[in-house]
Amino acid sequence: MFAKIYLSTRRGSWILRRSGKQGYPFDADLNRRYYNILFNAVPFSVSCDYLERMLNSFFDHELYGLKPKHRVLSQHPCVNDFLPLYLLNGAVKVKTNISAFTENGVIFEGEDKETECEAVVLATGYEMSFPFLDKSIIDPKENKLELYKYMFLPKMDHPETLSFIGCIQSVGAIIPISEQQSRWVAQLLKGTNNHSTCAFFALFN
């Protein structure tokens, strides 16, 4: 167990809790027809104002140095229940971006003194790729894929013969969505979905 953890962030992030009203998952509570109609009916800035006030009522992002410049609906939030508590008790300390690595640690932007670190975890995301498939079949550009229902390649002569599971960017949990996709693929494989049977599907997570 490390004595202290430094959270280096270039632009901050909106922190979304897992639990919402009465202990229900926050995304399940928010993903309702009422909110969907409301968010589509009101201007983008008004929706952001509402959600940002809600999130700041749980955790003051500016007070803890994590308030980002972007609006809450402009990028994916960080889903974490424990970060506010760890910031409060000092176990985690927010720092700026890393400007340089040294022999025994790092130097953060705006600082001249080295901060000693035993380990650095680079949580910078990932680049989507499919090295086991020819690029003529699928070649992601800037992590974007053109997939029907986020699963099938419409440009293929028989798109139902190849499907992709989990290539989704969701605000809530990705696993339940992937499960529903898997059920559909299983029905296609069994031939019980009134579609041609899938011969193969690629799992990507």
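Residues numbered from 1 in each chain as written. Predicted model: local features only at pLDDT ≥ 70, side-chain atom pairs only at ≥ 80, totals over all residues. Heavy atoms only, no water.

J.: Which parts of the structure should I look at to understand the sheet that holds strand E6 (residues 105-108)?
T.: By definition, the strands of a sheet pair up through backbone hydrogen bonds, in either a parallel or an antiparallel sense. Strand order across the open sheet formed by three strands is E5-E6-E7, with antiparallel pairing between neighbours. Taken across any chain shown, the strands that pair with only one partner, and hence form the sheet edges, are strand E5 (98-101) and strand E7 (115-116). As paired elements, E5 and E6 share three bridges and run antiparallel to each other. What sits directly across from Ala100, in E6, is Ile107. (Pairing = 2+ DSSP bridges. Helix = DSSP H or I, 4+ residues; strand = E, 2+ residues; numbered from the N terminus.)

J.: Hey, could you run me through the packing of aromatic side chains in this one?
T.: The geometry of two aromatic rings is summed up by the distance between their centres and the angle between their planes. By the definition in use, this model includes six aromatic pairs. With 6.0 Å between their ring centres and 85 degrees between their planes, Phe130 and Phe132 make a pair best called edge-to-face. Directly above the ring of Phe58 sits Arg17, whose terminal nitrogen or CZ lies 3.7 Å from the centroid. (Phe/Tyr/Trp six-rings, centres within 6.5 Å; stacked < 30°, edge-to-face > 60°. Lys NZ or Arg CZ within 6 Å of the ring centre and 35° of its normal.)

J.: Explanation requested: the nonpolar core in the structure shown.
T.: For soluble globular proteins, nonpolar side chains are generally found buried alongside one another. By size, the foremost hydrophobic cluster in this structure holds ten residues: Trp14, Leu16, Phe26, Leu30, Tyr35, Cys48, Leu51, Met54, Leu55 and Val72. The set of elements that each furnish at least two residues to this core consists of helix H1 (26-30) and helix H3 (44-58). Ranked by residue count, the leading element in this core is H3, at four residues. Each residue touching Leu30, except ones within four places of it in the same chain, is listed here: Tyr35, Phe39 and Leu51. In this structure, Phe130, Leu133, Ile138 and Leu162 belong to the second largest nonpolar core, which totals nine residues. (Core = buried A, V, L, I, M, F, W, Y, C linked by side-chain atoms within 4.5 Å. Buried < 20%, exposed > 50% of the residue type's maximum accessible area, 1.4 Å probe, protein only. Contact = heavy atoms within 4.5 Å.)

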